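Spelled out, the chains give:
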Amino acid sequence: MTHQTSEARFLQSYRICAAQGEWMNQGAARLRAQVFVQEQGVFAGHDRDAIDAVALPLVAIAEDATGGPRVVGTVRIHEAEPGVWWGSRLAVAPEWRRVGKLGSELIRLAVGTARARGAVEFHAHVQRQNVPLFRRLHWATTAEVELHGRPHAHMLASLVHYAPIADPTTGWQVQAPGAVEDGA
Ligand SMILES: CC(C)(COP(=O)(O)OP(=O)(O)OC[C@H]1O[C@@H](n2cnc3c(N)ncnc32)[C@H](O)[C@@H]1OP(=O)(O)O)[C@@H](O)C(=O)NCCC(=O)NCCS
């Protein structure tokens, strides 16, 4: 990582909100491709599927003086059947991981938004290496499953730990705690 990037991270604040407008939706799509196609190789070519037609994309927007606002995190949520919601395609850009709890904040907006829309269950298939993160956020494993050739946990959120969020378009601001050195 360059000095310039570290400097940019030091100056960061973020907004966690529902994607609004073309640049946020395109930014979320680009980030998903970068993470799930190029970085992880979970999908070949593209990671779009039928759920995208009905899902609500949520985003983390980095705001600073150096690069202008841009999408650095995303997740999508959808109601699969009445009251039963799912979250999927959670991704934070590599250089923004573990700096401002963006992943955790996206999960909070995801479950809170679904709760305000009547969710009685909120599910996710979580890659095994991320299970400790979800456990800490009050999720429980219901089954181990193999998906896309990778071990996943089918997990359920404990809804009482998530305040309903009626208007995800407003979202909230997150302040990154400070610069994180290379390899952090
Ligand atoms: C999973 C993912 C979204 C998490 O995003 P994130 O913004 O790093 O999430 P958070 O910062 O909220 O927390 C992540 C972890 O970093 C830790 N952390 C947060 N800030 C930290 C800091 N300053 N220093 C060290 N650790 C920190 C958290 O405690 C948490 O612990 P863990 O190692 O047990 O997971 C991100 O790693 C990612 O996009 N991974 C690739 C795609 C992927 O796996 N998607 C999920 C599919 S289920």
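Thresholds applied
- Residues numbered from 1 in each chain as written.
- Predicted model: local features only at pLDDT ≥ 70, side-chain atom pairs only at ≥ 80, totals over all residues.
- Heavy atoms only, no water.
- Core = buried A, V, L, I, M, F, W, Y, C linked by side-chain atoms within 4.5 Å.
- Buried < 20%, exposed > 50% of the residue type's maximum accessible area, 1.4 Å probe, protein only.
- Helix = DSSP H or I, 4+ residues; strand = E, 2+ residues; numbered from the N terminus.
- Contact = heavy atoms within 4.5 Å.
- Polar contact = N/O pair within 3.5 Å; in protein donor to acceptor, adjacent residues only side chain to side chain.
- Pairing = 2+ DSSP bridges.
- Near = heavy atom within 4 Å.
- Areas by Shrake-Rupley, 256 points an atom, 1.4 Å probe, with all protein chains shown as cover.
- Nonpolar A, V, L, I, M, F, W, Y, C, P; charged D, E, K, R; others polar.
- Phe/Tyr/Trp six-rings, centres within 6.5 Å; stacked < 30°, edge-to-face > 60°.

One finds Y14, F122 and W139 to be the most contacted residues of the largest nonpolar core, which totals 52 residues. Among the elements that take part in this core, helix α3 (residues 102-116) stands out by supplying seven residues, more than any other. Not counting the four nearest positions on each side in its chain, W139 is found in contact with I107, V111, F122, H123, A124, F134, M155, L156, A157 and Y162.

What follows covers the side chain of D47. Within the secondary structure, D47 is located in the loop between α2 (22-39) and β2 (56-63). Exposure remark for D47: the relative accessible area of 2% places this residue in the buried category. Looking at D47, its side chain comes within polar contact range of the side chain of R32, at 2.8 Å.

What follows covers the pairing of strand β6 (residues 139-147). Bridge count between β6 and strand β7 (residues 150-157): eight bridges; the pairing is antiparallel. Of the residues in β7, the one forming a bridge with A140 is L156. Linkage of β6 to β7, two consecutive antiparallel strands, is achieved through a turn of two residues, within which H148 is found at a positive phi near 50°.

Lining the immediate environment of the ligand, one finds 17 residues, of which L90, V92, R98, S104 and R136 sit closest. The separation between an oxygen atom of the ligand and a polar side-chain atom of Q40 is 3.3 Å. At a separation of 3.4 Å, an oxygen atom of the ligand approaches a polar side-chain atom of R97. In the complex, 77% of the free accessible area of the ligand, which totals 940 Å², lies under the protein chains. In terms of residue class, the shell around the ligand is built from seven nonpolar, six polar and four charged.

Under the defined criterion, the tally for this structure stands at three aromatic pairs. Geometrically, the ring pair formed by Y14 and W96 is edge-to-face, given 6.4 Å between the ring centres and 75° between the ring planes. Of this pair, Y14 sits in strand β1 (residues 13-18) while W96 is found in the loop between β4 (84-92) and α3, placing the two residues 82 residues apart along the sequence. Residue Y14 is classed as buried on the basis of its relative accessible area of 0%. Arranged with centres 5.0 Å apart and planes meeting at 85°, the rings of F134 and W139 form a pair that is edge-to-face.

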